[in-house]
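As a plain string of letters, each chain reads:
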Amino acid sequence: MNDELRSKLTEFLNNANIKNDNSGKSIEHLMPMIFKKTTDENFLSDWLAYILNPKINSLGTKPLNILLKPLFNIELSENCETDMGDVGEYSACREVYLDSNNRIDFLFSVIDNNSEEKYLIGIENKINSGLSKPEQLETYSNLINLITKGKSKIPELKKYDNYKNILLIFLTKDGFSPDNPGEFKAFAHKTFIEELKKIPTNPLDNLRASFLINEYINNMEDYIVNNQYDEDFEKLVDEDISLIANNISIIKTIFSEKEKIENNIRYFIYKSVNEECFDSCQSGYTAKYLESKDLSNKRYNLWYKEDWNNNRNIHYEILFNNDTFFTEDGNVEVKIVLHVEDNSEKEQLKKYLKDQNIAQNIKNTEIESDSAEKKIIDKESIIQLSNEVVGKMKLLIKNWDKRLDDFYKKIH
């Protein structure tokens, strides 16, 4: 190793031990972060089961009423019975099989002794994932209706025969409602947290309950509602972005580190688009993140619909050019395109668009492209770049999704 390279490597390794976050924001070491569970859907659903359970949460029916009152105009009295279970018995209401293939996140009964009303409550809780199938909620609605009519094949669900009041809730970050909601009504985590904060907790009465409820609020605000941090992004900020900002020239010399950092940022943008554009807003997509081993001169994040065709001849791409991903002045180049691989299919699409009087610039195998450039100086610029890519992908989908659906119906 020559002296210049040795000097650069020594400088890089010295700086690698320094966590240099100049944002002025401190990361709270909440309980879920310590156990690496900040966005774990099952972990957070178990926690929510505790908060909703009037037997053990020290808040009674108030958390449940946050959901029931605005959605169904129902307000439970404090004189209620529920089969949600006691501390640690989440299996009583969590991940309940509706048939041999379908499980709902929450299913439990509430009997209000004041009004003598019986309610069967089902909740599907989404954190960072989308529906497993477009018809998922509709399927759950039909299965729960069969349960209440005594037609379920699951012995444990026989107790719900003849329940008349079925209350189904779809919990997501922003209260998104899909095209086929069945009998589910959408509610936002953001609204639930805002209302939960208004319910006073008294540590002197129940220290454990007060701590768990406030930790849940803080975790959901930081990691889910505001999406300020997650484990991957926190590592990206604390280790990778600081190294890029302070050591661009050194990183260009040490290619293995450069490649690792670039892939971290690519994957972060891929996750952002996947969560913001597809899991929440669209259905029927398959997403692929192709790393460096798959292609020699560029990296792809691509999305396509299976019913367009199985060979992915046409798909949306976020494309990173290796040669210009990190330039000397710290710029990042990201290209967003709708890509057509097959020349025959491309020509058919050109003709279809011409027949529809849609004037578009179709060049080579790319239709409608755009670029985003940002200087990598801190974590805010990465977030800004990611948001720009998400916005441009949403616009591309809005402009092309229905056209491509109609095109494939026409040619197949």
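Placed above this text is the structure.
Definitions and cut-offs
- Residues numbered from 1 in each chain as written.
- Predicted model: local features only at pLDDT ≥ 70, side-chain atom pairs only at ≥ 80, totals over all residues.
- Heavy atoms only, no water.
- Pairing = 2+ DSSP bridges.
- Helix = DSSP H or I, 4+ residues; strand = E, 2+ residues; numbered from the N terminus.
- Salt bridge = Lys/Arg side-chain N within 4 Å of Asp/Glu carboxyl O.
- Buried < 20%, exposed > 50% of the residue type's maximum accessible area, 1.4 Å probe, protein only.
- Contact = heavy atoms within 4.5 Å.

Asker: Help me understand the pairing of strand β2 (residues 94-97) in this model?
Answerer: Of the strand pairs in this sheet, β2 and strand β3 (residues 103-112) are connected by 3 bridges, and their pairing is antiparallel. The residue of β3 that forms the bridge with R94 is F106. Two successive antiparallel strands, β2 and β3, enclose a turn made up of 5 residues.

Asker: Where do I start with the pattern of salt bridges in this structure?
Answerer: Any two side chains of opposite charge can pair, given that their charged atoms come close. Under the defined criterion, the tally for this structure stands at 8 salt bridges. Linking E221 and K197 is a salt bridge whose minimum nitrogen-to-oxygen distance equals 2.7 Å. With a gap of 24 residues between them, E221 in helix α7 (residues 207-225) and K197 in the loop between α6 (189-196) and α7 connect regions that are remote in the sequence. On the accessibility criterion, K197 (48% relative accessible area) is partly exposed. One connected set of salt bridges, linked through shared partners, spans D46, R94, E95 and R103.

Asker: How do you make sense of helix α4 (residues 62-72) when you look at a structure like this?
Answerer: Residues that lie three or four places apart on an α-helix share one face, since the helix turns once every 3.6 residues. Counting buried positions along α4 yields 8 of 11 residues, so the element is predominantly enclosed. All buried positions along α4 are accounted for by P63, L64, N65, I66, L67, L68, L71 and F72. Those residues of α4 hidden inside the fold are in contact with α3 (41-52), β3, β4 (117-125), β5 (165-172), β6 (184-188) and α6. Positive phi appears at N73, one or two residues downstream of α4, with a value of about 55°.

Such coordinate-based values are descriptive only and should not be taken to indicate function.
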